[in-house]
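Geometric and topological summary
Okay, here's what each chain looks like letter by letter:
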Amino acid sequence: VTNIAGASSSTHLLDLLEEPIPGVGTYDDFHTIDWVREKCKDRERHRKINSKKKESAWEFTKTLAGVIDIVADWMNDLKEGVCLSAMWFNHEQCCWDSNETTFAERDKCPQWKTWAELILGQAEGPGSYIMNYFMFTFWALSFAFLAVSLVKVFAPYACGSGIPEVITYIDQTSSSNRFYLILEFLDNVHGLSLGKEGPLVHVACCCGNIFSYLFPKYSKNEAKKREVLSAASAAGVSVAFGAPIGGVLFSLEEVSYYFPLKTLWRSFFAALVAAFVLRSINPFGNSRLVLFYVEYHTPWYLFELFPFILLGVFGGLWGAFFIRANIAWCRRRKSTRFGKYPVLEVITVAAITAIVAFPNPYTRQNTSELIKELFTDCGPLESSQLCQYRSQMNGSQAYSEGSDAAATPGVYSAMWQLSLALVFKIIMTIFTFGLKVPSGLFIPSMAIGAIAGRIVGIAVEQLAYYHHDWFLFREWCEVGADCITPGLYAMVGAAACLGGVTRMTVSLVVIVFELTGGLEYIVPLMAAVMTSKWVGDAFGREGIYEAHIRLNGYPFLDAKEEFTHTTLAREVMRPRRNDPPLAVLTQDDMTLAELQNIISQTSCNGFPVIVSKESQRLVGFALRRDITIAIENARRKQEGIMLNSRVYFTQHAPTLPADSPRPLKLRSILDMSPFTVTDHTPMEIVVDIFRKLGLRQCLVTHNGRLLGIITKKDILRHMAQMANQDPESIMFN
């Protein structure tokens, strides 16, 4: 009776452990999360609060994106001069209220002063050129130093575009507030061949990650938090390009691992709110939502599909070449001493970029402004050198609107400058992307494609003008008829190059036509993007973000990659032959000292629980972190927990002698339904299960007996081995 009473009293005291233990169910930094477990937790939460259900807020502060656009434009123009009437105005805003500008010099105004005018008092001459050259380089180096210093001191995870990290984080990797909000507007003002649009996805996910902590529904469930981040990435693209629908498709196609229907409409709502706030701020100063609004006056014709497809081929070749060259350069940089000094590295690249970029007007100006100029259709109000055509009326130099005019030497000179700018952009983008600064790849890739497209467009335009009687042009390009729009070729080339680098398809086409407002030109965009993807895939199926995920050692299981091998689960599971036995726990015959000894001697993140060492029958699975937290919690709340205390995972405590120390019940942290497969399950099915269910680990059994375990990293190592790579050389960072 005493024993029974003692056991009953003991059980009553141990009921404290049935309460939720703080910290149990969470993850260590950079550990993969278990989507099945998180979904079960969310269903349990719904059952508990079903009677007092509350709606969650899906709000995202997109004012930050508008501020970034405005400040970035101001800081970029600061490299060339300053506005005397209002120091906070950029060049364009400074000239809005000017009444003294002439038609020939519409981009100049008395209120805007270059540094040479302010310091030397003269605007022309060798001395002024040298002074402007020096100040341009000085400001570029200053902004580059500020950006890399902020990254190094405050936010090391803000370097790069952030999209590979967002993809990996949303996929499975856990992290405790690893998203840092840094001054992302610095990424486009230091003169490097980079853009700010890519990191805006990172900024949006920073906001989503911070706001998710305000709501227990998302802060206590890693899977629900990733739904927030999926919507946040859509909002990031929406504010970066003014493309809300394209942002949702970008999150679906490129970023999100798990994208249910409710996340789709929530992402659409978040992108809608982001676009509305951006339109209210009006950062572009043109009362339009899109970044590069175009208004072409001629349709496209069937014969133009051939040059469009050629631009797609160029985009695919550029994408394949860039990925290989950039990855090779990043690996070489990591292995050299130069890569160990990120500040010196960034300053050196920024200095070379500024020195080489200044003499060429197309590399000196802001990349976004360059793309806008290349997209623009020539008209009477355009002062660009690319729009200097001869009028057919009197042969004098004038501005014309189409292919009914011959190009002047100014246009050919601009084409030579664009060709040099193309070579410069290609080289510097390869060596710049991957530096320790916030860096986007969308805008540089689009600039390369826009330059190539504009050159091809002008070439086709002049070919149609001088040979309008050819059978290709005879029907559409009559004398005096408009049939070629060079800006359209720039837009198609930009989409092709961006598609070749990222391997995006549907979302990219939608982003570009939302970006430009050119909905009727969606067929040329589709043809070029698909061609670029096919050509790029011929050299390698992974895009730049997947390549950097693999380069950085992130444990990411790409859903786009097919597993075609015929291996079985027993060939991949651990322990393998000659390995020590699998670390397991028994359900009711271990002491606390034995349990702590197993935990200290192994690095496993979890342990299978079996009935006994003899039977090897599987009971469940317990995570290392949960066990540690539960032990600490029991010692803090109860007395009598000793090293020789019996640990059990069963429903009722085993019968113990009267003088035994108080037992420790850990059933509350035990996963009673771990996912299992048999040892003869094909790995093709196992990989598909990991991808679609988001498993963290999978136990392998034979006739109910535990044989081993397969983790996500085991699968990645096996896939590397099947690709003739050394699996031990893969380091998961």
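Residues numbered from 1 in each chain as written. Predicted model: local features only at pLDDT ≥ 70, side-chain atom pairs only at ≥ 80, totals over all residues. Heavy atoms only, no water.

Under the annotation held in an unreviewed UniProt entry, the chain carries the name Chloride channel protein and is attributed to Sinocyclocheilus rhinocerous. In its Sequence similarities (unreviewed entry) section, the UniProt entry covering the chain states "Belongs to the chloride channel (TC 2.A.49) family." (UniProt positions renumbered as here; feature names shortened; annotations may be inferred.)

Side note on the overall build of the chain
Assigned secondary structure in the chain consists of 26 helices and 14 strands. A buried classification covers 54% of the 733 residues belonging to the chain. Within the chain, residue pairs in contact and separated by at least 24 positions form 74% of the contacts whose partners lie at least 6 positions apart. Carbon and sulfur atoms make up 59% of the accessible area of the chain, which amounts to about 32700 Å² in all. (Helix = DSSP H or I, 4+ residues; strand = E, 2+ residues; numbered from the N terminus. Buried < 20%, exposed > 50% of the residue type's maximum accessible area, 1.4 Å probe, protein only. Contact = heavy atoms within 4.5 Å. Areas by Shrake-Rupley, 256 points an atom, 1.4 Å probe, with all protein chains shown as cover.)

A look at the environment of Leu374
Looking at the element boundaries, Leu374 is found in helix α16 (residues 367-375). Note on Leu374: relative accessible area 0%, which makes it buried. It is 6.2 Å that separates the C-alpha atoms of Leu374 and Ala490, two residues lying 116 residues apart in sequence.

Section: the sheet that holds strand β7 (residues 590-591)
Spatial ordering of the open sheet is given by β7-β10-β11, a layout of three strands whose pairing is mixed. Among the strands making up the open sheet, the edge pair consists of β7 and β11 (664-665). Two strands pair when backbone bridges link them, and β7 and strand β10 (residues 646-648) are joined in this way by two bridges, in the antiparallel orientation. Within β10, the position partnered with Met590 by the bridge is Val647. (Pairing = 2+ DSSP bridges.)

Quick word on the pattern of salt bridges
Using the criterion set out here, one finds six salt bridges in the structure. A salt bridge links Arg550 to Glu542; its shortest N-O distance comes to 2.3 Å. Between Arg717 and Asp714 there is a salt bridge whose closest N-O contact spans 4.0 Å. Placement of the pair is Arg717 and Asp714 together in helix α26 (residues 712-722), with a separation of three residues, close to one helical turn. For Asp714, a relative accessible area of 2% gives the class buried. In this structure, a network of salt bridges that share partners links the residues Arg503, Lys533 and Asp537. (Salt bridge = Lys/Arg side-chain N within 4 Å of Asp/Glu carboxyl O.)

Section: the packing of helix α13 (residues 305-335) against helix α22 (residues 544-552)
Taken N-terminus to C-terminus, the directions of α13 and α22 make an angle of 20°; their axes are 10 Å apart at the nearest point. Considered as vectors, α13 and α22 are oriented roughly parallel to each other. In this structure, α13 crosses over α22, and the sense of that crossing is right-handed. On the side of α13, the interface is formed by Phe322, Ile323, Asn326, Ile327, Cys330, Arg331 and Lys334, while α22 contributes Ile544, Ala547, His548, Arg550, Leu551 and Asn552. Class assignment for the residues of the contact of α13 with α22 results in seven nonpolar, three polar and three charged. (Axes fitted to C-alpha atoms, helices over the stretch in contact; angles between N-to-C directions. Parallel < 35°, antiparallel > 145°, perpendicular 65-115°, else oblique. Left-handed = near helix turned anticlockwise from the far one by under 90°. Nonpolar A, V, L, I, M, F, W, Y, C, P; charged D, E, K, R; others polar.)

Let's talk about the UniProt feature "transmembrane region" (unreviewed entry) in the chain
UniProt's feature table lists "transmembrane region" (unreviewed entry) at residues 133-155, 228-252, 301-323, 343-362, 414-435, 447-468 and 488-513, given in the numbering used throughout. Structurally, residues 301-323 comprises 83% helix and 0% strand, and the distance from its first C-alpha atom to its last is 33 Å.

Structural notes on the sheet that holds strand β6 (residues 585-586)
The strand order β6-β8-β9 describes an open sheet built from three strands, whose pairing is mixed. Looking at strand neighbours, the two that pair on one side only are β6 and β9 (618-623), the edges of this open sheet. Contacting β6, β8 (606-610) and β9, helix α24 (residues 624-637) crosses the sheet at an angle of about 75° to β9.

Section: helix α20 (residues 506-516)
Most of α20 sits inside the fold, with ten of its eleven residues counted as buried. Considered for burial, the residues of α20 that qualify are Ser507, Leu508, Val509, Val510, Ile511, Val512, Phe513, Glu514, Leu515 and Thr516. Immediately beyond the C-terminal end of α20, within one or two residues, lies Gly517, with a positive phi of roughly 80°.

Quick notes on the pairing of strand β14 (residues 705-711)
Two faces make up the sheet, and in a regular strand the side chains alternate between them. Extensive coverage of β14 is indicated by the burial of five of its seven residues. The pairing of strand β13 (residues 697-702) with β14 spans six bridges and is antiparallel. For Thr701, the partnering residue across the bridge sits in β14 and is Leu706. The antiparallel hairpin formed by β13 and β14 contains two residues in its connecting segment, where Asn703 sits at a positive phi of about 55°.

Some remarks on the side chain of His548
You can see His548 is positioned in helix α22. His548 has contacts with Pro164, Asn326, Ile327, Cys330 and Phe433, leaving out every residue within four places of it along the chain.

Focus on unusual backbone geometry
In terms of backbone geometry, most residues other than glycine have negative phi values and most peptide bonds are trans. Cis peptide bonds are those with omega within 30 degrees of zero, and the linkage from Arg574 to Pro575 qualifies with 5°. Note on placement: Pro575 falls in the loop between α22 and β6. Of note in this structure, Asn578 is not a glycine but carries a positive phi near 70°. Considering the arrangement of structural elements, one finds Asn578 in the loop between α22 and β6. The phi torsion at Asn703 lies on the positive side, around 55°, for a residue other than glycine.

So, the packing of helix α10 (residues 222-241) against helix α11 (residues 244-255)
Running from amino to carboxyl end, α10 crosses α11 at an angle of 135°, the nearest separation of the two axes being 7 Å. One finds that α10 runs oblique with respect to α11. Considering only the axes of α10 and α11, their crossing is right-handed. Facing Ser230, Ser233, Ala234, Val237 and Ser238 of α10, the residues of α11 in contact are Pro244, Gly246, Gly247, Val248, Phe250, Ser251 and Val255. Partitioned by chemical class, the residues of the contact of α10 with α11 number six nonpolar, six polar and no charged.

Some remarks on α24
An ideal rise of 1.5 Å per residue puts 20 Å on 14 residues; α24 measures up with 20 Å between its terminal C-alpha atoms. Residues of α24 that are buried include every one of Asp626, Ile627, Ile629, Ala630, Ile631, Asn633 and Ala634, and no others. (Expected span 1.5 Å × (residues − 1).)

Focus: the side chain of Thr429
Mapped onto the elements of the fold, Thr429 is located in helix α17 (residues 409-432). Judged by relative accessible area, Thr429 falls into the buried class, the value being 0%.

Regarding the packing of aromatic side chains
As enumerated under the stated definition, the model contains 14 aromatic pairs in all. Here Tyr133 and Phe358 contribute two aromatic rings whose centre-to-centre distance is 4.6 Å and whose plane-to-plane angle is 25°, an arrangement assigned as stacked. Within this pair, whereas Tyr133 is found in helix α6 (residues 126-153), its partner Phe358 is found in the loop between α14 (342-357) and α15 (361-364), the two being separated by 225 residues in sequence. In this structure Tyr133 comes out as partly exposed when scored by relative accessible area, which is 21%. Note on Tyr465 and Tyr466: the rings are 4.8 Å apart at their centroids and 80° apart in plane angle, and the pair reads as edge-to-face. Owing to a relative accessible area of 23%, Tyr465 belongs among the partly exposed residues under this scheme. Ring pairing ties together the aromatic residues Tyr129, Tyr133, Phe136 and Phe358, which thus form one cluster. (Phe/Tyr/Trp six-rings, centres within 6.5 Å; stacked < 30°, edge-to-face > 60°.)

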